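Chain by chain, the residues run as shown.
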Amino acid sequence: MRHLIAQVRVAIPFEAPQSRVCTGACDGCSRKLLDFLEGELDDWERRLAAGESPTLGDLSRLARTSRKVYAVLERNGLVVAAPG
């Protein structure tokens, strides 16, 4: 879970300035999605620090949520998909 959280924090621009995040024309609210996902990551970091062990389902849900948020951010021009 810690590895997944680290990967998401590297891939998603949580610190992007508001002027870059909210350009008016978008497919889904990037700011709300960034705030939601950051809250999920923060929550898991707290839970891990408290000694909680995630299940495979927890890992899967966080990975799926992160992929969906990334896809919306990509459509909105905030991230560029890696060639592959």
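Just so it is clear, the model here is predicted, and its values are computed rather than measured.

Enquirer: What is the right way to read the pattern of salt bridges from this model?
Expert: Any two side chains of opposite charge can pair, on the condition that their charged atoms come close. One pass over the full model with this rule turns up seven salt bridges. In this structure, Asp43 and Arg47 form a salt bridge, with 3.3 Å as the shortest nitrogen-oxygen distance. Here the residue Asp43 and the residue Arg47 both occupy positions in helix H3 (residues 30–49), the gap between them amounting to four residues, near one helical turn. Overall, the relative accessible area of 26% leaves Asp43 in the partly exposed class. Across the pair Arg61 and Asp58 runs a salt bridge, and its minimum N-O distance is 2.8 Å. Taken together, the residues span about one helical turn, with Arg61 and Asp58 both in helix H4 (residues 56–75) at a distance of three residues. Salt bridges sharing partners connect three or more residues here, namely Arg9, Glu38, Asp42 and Glu45.

Conventions we followed
- Residues numbered from 1 in each chain as written.
- Predicted model: local features only at pLDDT ≥ 70, side-chain atom pairs only at ≥ 80, totals over all residues.
- Heavy atoms only, no water.
- Salt bridge = Lys/Arg side-chain N within 4 Å of Asp/Glu carboxyl O.
- Helix = DSSP H or I, 4+ residues; strand = E, 2+ residues; numbered from the N terminus.
- Buried < 20%, exposed > 50% of the residue type's maximum accessible area, 1.4 Å probe, protein only.

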